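# Notes for the structure review
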Amino acid sequence: MSRRNISKKRFPQPDSLYNSFLVSLLITRILKSGKKNLAKNIVHQAFDIIKKKTDQDPLEVFEKAIRNASPVVEVKARRVGGSTYQVPIEVSGFRATNLSLRWILRYSGQRVGRSMAIKLANEIIDTSNEIGNTIKKKEEIHKMAEANKAFAHFRY
């Protein structure tokens, strides 16, 4: 690994329809085997379903879901003196967004439904209303961090 330069984070271009970085991050997370048009169609169909179900701007609902699902703290394993501790650390904004996107996609895939667009739309709506598996995952992470608060002095 080169020690000269620190690599810069490269953000994808904003989505053409909604002009949002978050939407393009979601599309690239859905992306499988290079089929970007299919991923775009899934996201756009999901946003149409959100528009029909909630009568709100789907981009606002999606951004609210991301905010609700973003964790503030998480635990990392830290090895000190032969034993491993779960050390709570604060999550950066970019990592929090990535984690929330990952959880939303994971739990939308596990839902029962016909198409991925319907499942994704339902998970986004549930997360924006602070219910569903994504919110449970966030609360579980926060509980683990709270339980291991005693090891916070091992932070690095």
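Residues numbered from 1 in each chain as written. Predicted model: local features only at pLDDT ≥ 70, side-chain atom pairs only at ≥ 80, totals over all residues. Heavy atoms only, no water.

### Brief notes about helix 1 (residues 21–30)
For helix 1, a buried count of seven out of ten residues is recorded, marking the element as mostly surrounded by other parts of the structure. Packing partners of the buried residues in helix 1 comprise helix 2 (36–54), helix 3 (58–69), helix 4 (93–109) and helix 5 (116–128). Capping the start of helix 1 is the job of one residue whose side-chain oxygen sits 3.2 Å from the backbone nitrogen of L22: S20. (Buried < 20%, exposed > 50% of the residue type's maximum accessible area, 1.4 Å probe, protein only. Helix = DSSP H or I, 4+ residues; strand = E, 2+ residues; numbered from the N terminus. Contact = heavy atoms within 4.5 Å. Polar contact = N/O pair within 3.5 Å; in protein donor to acceptor, adjacent residues only side chain to side chain.)

### A closer look at the pairing of strand 1 (residues 73–80)
The sheet contact formed by strand 1 and strand 2 (residues 83–90) spans eight bridges and is antiparallel. In the strand pairing of strand 2, V80 is matched with S83. Count of turn residues in the strand 1/strand 2 antiparallel hairpin: two residues, of which G81 carries a positive phi of about 60°. (Pairing = 2+ DSSP bridges.)

### Regarding unusual backbone geometry
For N19, which is not glycine, the phi dihedral falls at a positive 55°. Structurally, N19 can be placed in the segment before helix 1. Accessibility expressed as a relative area gives 60% for N19, which makes it exposed. Residues other than glycine seldom take positive phi values, yet E130 does so here, at roughly 60°. Positionally, E130 belongs in the loop between helix 5 and helix 6 (133–147).

### Structural notes on the pattern of salt bridges
Evaluation of the coordinates by the stated rule reveals four salt bridges. One salt bridge connects R95 with E74, and the closest N-O pair in it is separated by 2.8 Å. Here R95 is found in helix 4, whereas its partner E74 is found in strand 1, with 21 residues between them in sequence. According to the relative accessible area criterion, R95 is partly exposed, its value standing at 32%. Of the charged contacts in the structure, one is a salt bridge between K149 and E146, with a shortest N-O distance of 3.4 Å. By relative accessible area, K149 is classed as exposed at 51%. Here the salt bridges do not stand alone but share partners, grouping R111, E123 and D126 into one network. (Salt bridge = Lys/Arg side-chain N within 4 Å of Asp/Glu carboxyl O.)

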